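# Structural characterization, general
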Amino acid sequence: MADSGDMVIIMLGPPGCGKGTQSKLISSKFGIPQISTGDMLREEREKGTDVGRRSSVFMDRGELVPDELILEMINRRIEKEDCNKGFILDGFPRTLEQAKALDDILKKMGRSIRQVFYFDVPDSELIERLGGRISCVVCGKIYHKKFNPPPSEDKCECGGYLLQRPDDNPEVISQRLEVYRKLTLPLLDYYRGKNKLFEIHGGGKTIEENSRIILKALSGE
Ligand code: AMP
């Protein structure tokens, strides 16, 4: 396992840009957790909790879940011991308010952001990627029917079933992209201003190519 130091990493980019896949790769390489707010919300929903019920209406419409719900969840998660060496935020922050709140939380903890990776991918490619995306209900591994096919048509390498996310349908996809442009894109300037932004032109590149770029940036080369 690579030596990580304090690695607070943010993965920023539109839905379907590949940040989830890259987060999982960094997570296993450095032994730090991937914290996906989307996955956490889906779990809450599955368990039928209050947070799950309150967020599902927003998720189904492709809208953002209110900041206070997300911040409470994040606060609780990053306090856990497995985050001591670092963690990868995947899908958070998504609004300026969330970014500023994260700065406050980290400051209180005496920590700071190491790097924000931004994946720039053209809309046409995002739509194609999201439309063919399937993930394992057991281990969460993400495949694409065409670009990264699973070993068998409906099963993951771990044996779990593969499902398409309900919000990966054309109508909700276009709403999610719209919300991304309006509320999340301003974060680019925010992190650029803090000298934390590392831009990756992820369009047309393979998973391995993007992963090499990230690892090189993290090694400080
Ligand atoms: P994702 O799996 O990251 O695409 O997230 C799925 C859905 O969960 C989003 O469309 C939002 O409704 C909700 N969500 C995930 N992360 C956040 C966040 N940081 N802020 C608000 N809503 C979020």
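Everything below is about the structure printed above this text.
What you are looking at is a predicted structure, and each value in this text was computed from that prediction instead of being measured.

## Examining the pairing of strand 5 (residues 133-136)
Pairing of strand 5 with strand 6 (residues 142-144), which is carried by three bridges, proceeds in the antiparallel orientation. Bridged to Ser135 within strand 6 is Ile142. From the end of strand 5 to the start of strand 6, which pair antiparallel, there are five residues, and Gly140 there has a positive phi angle of about 85 degrees. As defined by bridge partners, strand 5 adjoins strand 7 (residues 162-163) across two bridges and the pair is classed as antiparallel.

## Here's the deal with the pattern of salt bridges
Going through the model one piece at a time under the given rule, you end up with 17 salt bridges. When the shortest N-O distance is used, the salt bridge between Lys146 and Glu128 registers 2.9 Å. Of the two residues, Lys146 is situated in the loop between strand 6 and strand 7 and Glu128 in helix 6 (residues 123-131); the sequence distance between them amounts to 18 residues. Among the residues examined, Lys146 registers a relative accessible area of 58% and is labelled exposed. Here Glu128 falls in the partly exposed class, since its relative accessible area comes to 38%. Here the salt bridges share partners, and the residues they tie into one network are Arg133, Arg165, Asp167, Asp168 and Arg176.

Basis of the calculations
- Residues numbered from 1 in each chain as written.
- Predicted model: local features only at pLDDT ≥ 70, side-chain atom pairs only at ≥ 80, totals over all residues.
- Heavy atoms only, no water.
- Pairing = 2+ DSSP bridges.
- Helix = DSSP H or I, 4+ residues; strand = E, 2+ residues; numbered from the N terminus.
- Salt bridge = Lys/Arg side-chain N within 4 Å of Asp/Glu carboxyl O.
- Buried < 20%, exposed > 50% of the residue type's maximum accessible area, 1.4 Å probe, protein only.

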